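# Coordinates in review
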Amino acid sequence: MTQLPSTTREITVGQLAARSGVTVSALHFYEAQGLISARRTAGNQRRYPRAIIRRVAFIRASQRVGIPLARIKEALDTLPARRTPTTRDWARLSEAWRRDLDDRISQLQDLRDRLTGCIGCGCLSLTACRLANPDDLLGESGAGPRRLSAQPGHGQGGREQDDGP
């Protein structure tokens, strides 16, 4: 692991990548998305405050539990003066994500339980589709998988439609 002396106030993008385990290109992407920011030197090199390591760790931990970057940015934008999240911030923000995670877990369990019984398209010629989706009624709600989709308005894992026999 790359260690930085405690007296180091600013770090380069390479040092941040080595310390955080995130590629330089990912750090550039995070910066372009407004998740992190750097000061530029006279030579246009990035310099990050040392505390940005914790911010990147927050982003990575959030991603690992399935939180989209847009939601992570929204959460980070609630912090005063774009500061680095504290333990208390993590507790508050992660609690706000709990319902979304519970919903996603439920959708994945539903998907797992339905996986062998239906392709989920609502119209591909499986024998069971004639029973679960007579006259291709699910086709009226749009193209693609209707019963297995987790997108709003796409069946929510089959919760909006009758599950058939």
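Up top is the structure.
A few points on the structure.

Rules behind the numbers
- Residues numbered from 1 in each chain as written.
- Predicted model: local features only at pLDDT ≥ 70, side-chain atom pairs only at ≥ 80, totals over all residues.
- Heavy atoms only, no water.
- Pairing = 2+ DSSP bridges.
- Helix = DSSP H or I, 4+ residues; strand = E, 2+ residues; numbered from the N terminus.
- Axes fitted to C-alpha atoms, helices over the stretch in contact; angles between N-to-C directions.
- Parallel < 35°, antiparallel > 145°, perpendicular 65-115°, else oblique.
- Left-handed = near helix turned anticlockwise from the far one by under 90°.
- Contact = heavy atoms within 4.5 Å.
- Phe/Tyr/Trp six-rings, centres within 6.5 Å; stacked < 30°, edge-to-face > 60°.
- Buried < 20%, exposed > 50% of the residue type's maximum accessible area, 1.4 Å probe, protein only.

## Here we look at the pairing of strand S3 (residues 46-49)
Sheet topology note: the strand S1 (residues 10-11)/S3 ladder contains 2 bridges and is antiparallel. The residue bridging Glu10 from the neighbouring strand is Pro49, located in S3. Here 2 bridges tie strand S2 (residues 39-40) to S3, and the two strands are oriented antiparallel to one another. Of the residues in S3, the one forming a bridge with Arg40 is Arg46. Adjacent in sequence and paired antiparallel, S2 and S3 are bridged by 5 residues, among which Asn44 carries a positive phi angle near 65°.

## So, the packing of helix H1 (residues 13-20) against helix H3 (residues 52-64)
Helix-helix packing is characterised by the crossing angle of the two axes and by the distance between the axes. Their axes nearest at 10 Å, the elements H1 and H3 cross at an angle of 50°. Put simply, H1 runs oblique to H3. The way H1 lies across H3 gives a crossing that is right-handed. The segment H1 lies against H3, with Leu16, Arg19 and Ser20 engaging Ile52, Ile53 and Val56.

## Overview of unusual backbone geometry
In this structure, Asn44 is a non-glycine residue whose phi angle is positive, near 65°. As for its position among the elements, Asn44 is in the loop between S2 and S3.

## Some remarks on the packing of aromatic side chains
The tally for this structure, following the rule as stated, stands at 3 aromatic pairs. Ring centres of Phe58 and Trp90 lie 5.2 Å apart, and the angle between their planes is 90°; on these two criteria the pair is classed as edge-to-face. Here Trp90 lies in helix H5 (residues 87-114) and Phe58 lies in helix H3, a separation of 32 residues in the sequence. Here Phe58 falls in the buried class, since its relative accessible area comes to 5%. Here Phe58 and Trp97 contribute two aromatic rings whose centre-to-centre distance is 6.1 Å and whose plane-to-plane angle is 50°, an arrangement assigned as tilted.

## Thoughts on the sheet that holds S1
An order of S1-S3-S2 is seen for the 3 strands of this open sheet, with the pairing classed as antiparallel. Every other strand in the sheet has two partners, leaving S1 and S2 as the edge strands with one partner each.

## Considering the side chain of Thr84
For Thr84, the location among the structural elements is in the loop between helix H4 (69-77) and H5. Thr84 sits in the buried class, given a relative accessible area of 17%. Setting aside residues no more than four positions away along its own chain, Thr84 makes contact with Ala51, Ile52, Arg54, Arg55, Leu79 and Asp89.

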